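Residues per chain, in single letters:
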Amino acid sequence: MTLTADPDRRFLLKAALGGACSLAAHPLVTPVVFAAAPTDERLAVIVLRGGLDGIAAVQPYGDPMLRSLRPTLALSRDDGLTDLDGFYGLHPGLKSLMPLWKAGELAFSHAVSTPYRDKRSHFDGQDALESGSGSKNGMPTAARDGWLNRTLAHIPGSNSETAMVIGATNMIILSGREPTTTWSPGSRLILGEATADLLKVMYEGDPIFRDALGGAVMLSEEQNAQGRGGGSDRVARYAAQRLTDDSRIVAFSIGGWDTHAGQVHRLDSRLKGLAKTILTMKETLGPVWSKTTVIAITEFGRTARENGNRGTDHGTAGAMMLAGGALNGGRVHGRWPGLSPQDLYENRDLMPTRDLRSYCAWLLHAKFGLEKSALESHVFPGVDMESDPRLLG
């Protein structure tokens, strides 16, 4: 029997091997999405599921009300808080990112949120975040496609044929009319030694299959050795590898940001993991980092006041992170609303002062040349982009 590698078969097998690599990169099967586009610009979107406490991550230590609202959670320089601009301080869990801040490759946008309000449900909040939809009476409007999928429709010549979703469920953010490949195995994918050897012999003469197989074997061996340990940095490494190859847009999620109790230690651990994810992507991307922008977004922030369990509850406005060599960084964007009782949303949450979608829209405008009219009417229906924050250098 002769094995041939026609274009359709090559795509399917490459997708399957790519899926094997992605799965091995994260044994908990974190959803990962890839999409190719005819551009040198790269975009990575990280969805932080659970509601990141933006007040803690980028602490407004210059606000006189902070310590009265957070007597045990507010940090000082003695606790490892690093000054950013005389008003905001960076959480010690993100300290390893300070070289990026100084190089203009890190920025934040504070007091941002989607149009979703009041119910503070993770499920509704994440749907609103990933769909990019507007709201009606505080609830997200129905939209089962994602804003990254709608973005692809406005990039001439984009090749969504190589878009890929890894995990038991789709990420809404890249779901929609543009087709994607889904890889959702029921068990961990470990390549046996005999199987790996056979595949190596079969595809030694085909560079596409050989390289994809090599990555799958390497990550499979790493997963086998580490069991179900590890973290999102392995997802980040593989995502960055794809960005150096065919993909231009990647999205994945990191869970565990719901800090109702014992927030100090839990948040420190999660933020260190996020910082490692960013730095892993930079290291793996190499020179491609200069054309890359990474954004980390979450469904909502946390309450301004700490609760009785030394944690925070579901809130409204929060913060988004931006990183990358293409960034015009070293800044905290946004208008700070204040923490006085009259300044809080419903006397409990940080008041939103800008739509998170507007920052995403301006980023897509700068990176991929999407028209403002298309962004406001189709990609993010109903968004008011407001003034250009000039996120990129």
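Above this note sits the structure.
Residues numbered from 1 in each chain as written. Predicted model: local features only at pLDDT ≥ 70, side-chain atom pairs only at ≥ 80, totals over all residues. Heavy atoms only, no water.

Quick look at the overall build of the chain now. Secondary structure assignment for the chain yields twelve helices and 15 strands. Here the chain, with 393 residues, has 56% of them falling under the buried criterion. Taking the contacts inside the chain whose residues are at least 6 apart along the sequence as the reference set, 76% of them involve residues at least 24 apart. Element-wise, carbon and sulfur atoms account for 51% of the exposed surface of the chain, whose accessible area totals about 16000 Å². (Helix = DSSP H or I, 4+ residues; strand = E, 2+ residues; numbered from the N terminus. Buried < 20%, exposed > 50% of the residue type's maximum accessible area, 1.4 Å probe, protein only. Contact = heavy atoms within 4.5 Å. Areas by Shrake-Rupley, 256 points an atom, 1.4 Å probe, with all protein chains shown as cover.)

Glancing now at the nonpolar core. Counting residues in hydrophobic clusters, the biggest one holds 54 residues, and the most contacted among them are Leu 84, Phe 108, Phe 252, Ile 278, Met 281, Met 321 and Leu 339. Of all the elements, helix α10 (residues 263-285) adds the most residues to this core, at seven residues. Once you skip the residues sitting within four places of it in the chain, Met 281 turns out to touch Ala 44, Ala 236, Ala 240, Leu 243, Phe 252, Trp 289 and Val 294. By size, the runner-up hydrophobic cluster in this structure holds 39 residues, among which are Val 47, Tyr 359, Phe 368 and Leu 375. (Core = buried A, V, L, I, M, F, W, Y, C linked by side-chain atoms within 4.5 Å.)

Another point: the environment of Thr 353. Along the polypeptide, Thr 353 turns up in the loop between β14 (331-333) and β15 (354-355). In the structure, Thr 353 is positioned 241 residues away from Val 112 in sequence and 6.2 Å away in space, judged by C-alpha atoms. Setting aside residues up to four positions removed in sequence, Thr 353 forms contacts with His 110, Ala 111, Arg 335 and Pro 337. Engagement of the side chain of Thr 353 in a polar contact is seen with the backbone oxygen of Arg 335, the distance being 2.8 Å. (Polar contact = N/O pair within 3.5 Å; in protein donor to acceptor, adjacent residues only side chain to side chain.)

Attention now moves to the pattern of salt bridges. This model, assessed by the stated rule, comprises eleven salt bridges. In this structure, Arg 49 and Glu 130 form a salt bridge, with 2.7 Å as the shortest nitrogen-oxygen distance. Here Arg 49, found in the loop between β2 (42-48) and α2 (54-57), pairs with Glu 130, found in helix α5 (residues 122-131); they are 81 residues apart in sequence, far enough to count as distant. Lys 282 is paired through a salt bridge with Glu 105; the nearest N and O atoms lie 3.2 Å apart. In this pair, Lys 282 sits in helix α10 while Glu 105 sits in the loop between α4 (98-102) and β6 (106-113), placing the two residues 177 residues apart along the sequence. Ionic contacts of the salt-bridge type, sharing partners, join the residues Arg 120, Glu 346, Arg 348 and Asp 349 into one network. (Salt bridge = Lys/Arg side-chain N within 4 Å of Asp/Glu carboxyl O.)

This part is about the side chain of Ser 175. Looking at the element boundaries, Ser 175 is found in the loop between β9 (159-166) and β10 (181-183). Judged by relative accessible area, Ser 175 falls into the buried class, the value being 12%. Within the structure, Ser 175 has its side chain in polar contact with the backbone oxygen of Met 171 (distance 2.9 Å).

What follows concerns α5. In terms of residue burial, α5 counts as a mostly covered element, since seven of its ten residues are buried. Here α5 has its buried residues at His 122, Gly 125, Gln 126, Ala 128, Leu 129, Glu 130 and Ser 131. The N-cap of α5, judged by a side-chain oxygen 3.3 Å from the amide nitrogen of Phe 123 a few residues on, is Ser 121. Backbone geometry just after α5 places Gly 132 at a positive phi near 70°.

Positionally, Ser 247 belongs in strand β11 (residues 247-254). Among the residues examined, Ser 247 registers a relative accessible area of 0% and is labelled buried.

Between helix α11 (residues 356-368) and helix α12 (residues 372-379), whose axes approach to 10 Å, the crossing angle comes to 135°. With respect to each other, α11 and α12 are oriented oblique. When the axes of α11 and α12 are compared, the crossing they make is right-handed. Facing α11, whose interface residues are Ala 361, Leu 364 and His 365, α12 presents Lys 372, Leu 375 and Val 379. (Axes fitted to C-alpha atoms, helices over the stretch in contact; angles between N-to-C directions. Parallel < 35°, antiparallel > 145°, perpendicular 65-115°, else oblique. Left-handed = near helix turned anticlockwise from the far one by under 90°.)

Note on placement: Cys 360 falls in helix α11. Residue class for Cys 360 comes out buried when judged on its relative accessible area of 3%. Along the sequence, Cys 360 and Met 385 sit 25 residues apart, while their C-alpha atoms lie 9.2 Å from each other. When near neighbours in sequence (up to four residues on either side) are disregarded, Cys 360 contacts Trp 147, Ile 295, Met 320 and Phe 380.

The strand order β3-β5-β4 describes an open sheet built from three strands, whose pairing is antiparallel. Strands with a single pairing partner mark the edges of an open sheet, and in this sheet they are β3 (58-59) and β4 (82-83). Bridging between β3 and strand β5 (residues 89-90) involves two bridges; their strand directions are antiparallel. Looking at the pairing, Gln 59 lines up with Gly 89 of β5. (Pairing = 2+ DSSP bridges.)

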